[in-house]
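Examination of the molecular architecture
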Amino acid sequence: MSEVKIREAHVSRETYDRLKHYESLVKKWSPKINLIAKSTLDNVWDRHIVDSVQICQGIDFPQTWLDIGSGGGFPGVVVAILAVERAPDCVITLIESDQRKCAFLRTAIRECGANAKVVSERIEKVPPMAADVISARALADLTTLLGFAERHLQPGGIALFSKGIQWKKEVDNARSQWQFDLKSTNSWTEPEAVVLEIRGVTRV
Ligand SMILES: C[S@@+](CC[C@H](N)C(=O)[O-])C[C@H]1O[C@@H](n2cnc3c(N)ncnc32)[C@H](O)[C@@H]1O
């Protein structure tokens, strides 16, 4: 099977084609329902898709993956596309409160031949999910995200959060309310941004 390199990730030609199709859908729908900032429409591939691919790189695919505040599907739809070949049995759930974005997410998942459930609800109203992995990008500050992680991760689960230049400050603030083990990995796409891999979240 031929492979394509996306920065440090190797994906099959089939996965690459699915990601390219998803990119075209985001570009088509975003002007109507604001899936991404207008200023990033010319760079969907690097700013959003590659940025989401990197979130999956550090870990083995789990049995259950919960993406919260999925918006246009970053990283949730990208995770679902990568899982088609890497972990076809992984149960992926995308939580998004905006119904129009949920309609887009369902269309994108179907058209890209991926498999994930979309829940149109605020995460605060969703019963505990006991997920193996929870991810979020551009949703809330780290202190708030850790509250979601504590509620929705199973014991031993992993939280993966994309964070920008202020990430160290967010970690310091979060330590006043939460204990957790942290690994940070530099972003492939944004200088000074990171992917935070967090385990063992408990209240101080
Ligand atoms: C800034 S966007 C980021 C979307 C996507 N994760 C990304 O990186 O492009 C935040 C998204 O989270 C959704 N959202 C905000 N608060 C939420 C909540 N409490 N529960 C579920 N979704 C929420 C919004 O509707 C929006 O689509």
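Residues numbered from 1 in each chain as written. Predicted model: local features only at pLDDT ≥ 70, side-chain atom pairs only at ≥ 80, totals over all residues.

The protein appears in an unreviewed UniProt entry as Ribosomal RNA small subunit methyltransferase G from Phaeobacter inhibens. In its Subcellular location (unreviewed entry) section, UniProt records this for the protein: "Cytoplasm". If you open the UniProt record of the protein and go to Sequence similarities (unreviewed entry), you find "Belongs to the methyltransferase superfamily. RNA methyltransferase RsmG family." (UniProt positions renumbered as here; feature names shortened; annotations may be inferred.)

**A closer look at the overall build of the protein**
Each helix and strand counted, the protein has 6 helices and 9 strands in total. Taken against the 2.2 N^0.38 rule, which gives 17 Å for 204 residues, the C-alpha radius of gyration of the protein at 16 Å falls within 12% of a compact globule. Across its three principal directions, the C-alpha atoms of the protein cover 45 × 35 × 35 Å. Counting across all 204 residues of the protein, residues that qualify as buried make up 40%. Sequence-distant contacts in the protein: of pairs separated by 6 or more residues, those separated by 24 or more amount to 67%. (Helix = DSSP H or I, 4+ residues; strand = E, 2+ residues; numbered from the N terminus. Rg over C-alpha atoms; globule rule 2.2 N^0.38 Å. Buried ≥ 20, exposed ≤ 12 C-beta atoms within 10 Å, placed from the backbone. Contact = placed C-beta atoms within 7 Å.)

**What to know about the nonpolar core**
Ranked by internal contacts, the top residues of the largest apolar core, which has 58 residues, are Val 77, Val 78, Ala 80, Ile 81, Ile 134, Ala 149 and Ala 159. Here the element with the most residues in this core is helix H3 (residues 76-86); it accounts for 7 residues. Dropping the residues within four chain positions of it, Val 77 is found in contact with Tyr 22, Leu 105, Ala 108, Ile 109 and Ala 114. (Core = buried A, V, L, I, M, F, W, Y, C linked by C-beta atoms within 7 Å.)

**A few points about the site of the ligand**
In the vicinity of the ligand lie 18 residues, with Gly 69, Gly 71, Phe 74, Ser 97 and Arg 137 positioned nearest. Here the residues of the shell around the ligand sort into 7 nonpolar, 5 polar and 6 charged. (Near = placed C-beta within 6 Å. Nonpolar A, V, L, I, M, F, W, Y, C, P; charged D, E, K, R; others polar.)

**Considering the sheet that holds strand S4 (residues 91-96)**
Reading across the sheet, the 7 strands line up as S5-S4-S3-S6-S7-S9-S8 and stay open at both edges, with mixed pairing between neighbours. Only two strands of the sheet have a single partner each, and these edge strands are strand S5 (117-120) and strand S8 (178-186). Taking each pair of neighbouring strands and ignoring which way they run, the sheet shows an average axis angle of 20 degrees. Where strand S7 (residues 153-163) meets strand S9 (residues 194-203), 6 bridges bridge the pair, whose relative direction is antiparallel. When the bridges of S9 are listed, Lys 163 appears paired with Val 194. The strands touched by H3 within the sheet are strand S3 (64-68), S4 and strand S6 (131-137), with S4 carrying the most contacts at an inclination of about 165 degrees. Strand contacts of helix H4 (residues 99-111): S4 and S5, with the helix running at about 175 degrees to S5, the strand carrying the most contacts. (Pairing = 2+ DSSP bridges. Axes fitted to C-alpha atoms, helices over the stretch in contact; angles between N-to-C directions.)

**Considering the packing of helix H1 (residues 13-33) against helix H2 (residues 44-53)**
Two elements in contact, H1 and H2, have axes whose closest approach is 11 Å; the angle formed by their N-to-C orientations is 120 degrees. Taken together, the axes of H1 and H2 lie oblique to each other. The two elements H1 and H2 cross, and the hand of that crossing is right-handed. Side by side, H1 and H2 meet where Leu 19, Glu 23, Val 26 and Lys 27 of the first sit next to Val 44, Trp 45 and Ile 49 of the second. A class-by-class count of the residues in the contact of H1 with H2 yields 5 nonpolar, no polar and 2 charged. (Parallel < 35°, antiparallel > 145°, perpendicular 65-115°, else oblique. Left-handed = near helix turned anticlockwise from the far one by under 90°.)

**Some remarks on the UniProt feature "binding site: S-adenosyl-L-methionine" (unreviewed entry) in the protein**
With numbering aligned to this structure, UniProt lists the feature "binding site: S-adenosyl-L-methionine" (unreviewed entry) at Gly 69, Phe 74, Ile 123, Glu 124 and Arg 137. Considering the arrangement of structural elements, one finds Phe 74 in the loop between S3 and H3. In this structure Phe 74 comes out as buried when scored by C-beta crowding, with 26 C-beta atoms within 10 Å. On the secondary structure map, Ile 123 appears in the loop between S5 and S6. With sequence-adjacent residues up to four places away left out, Ile 123 is seen in contact with Ile 68, Ile 95 and Phe 148.

**Structural notes on the environment of Tyr 16**
Counting through the fold element by element, Tyr 16 comes out in helix H1. Judged by the 17 C-beta atoms lying within 10 Å of it, Tyr 16 is partly exposed. In this structure, the C-alpha to C-alpha distance between Tyr 16 and Ile 6, residues 10 residues apart in sequence, is 8.6 Å.

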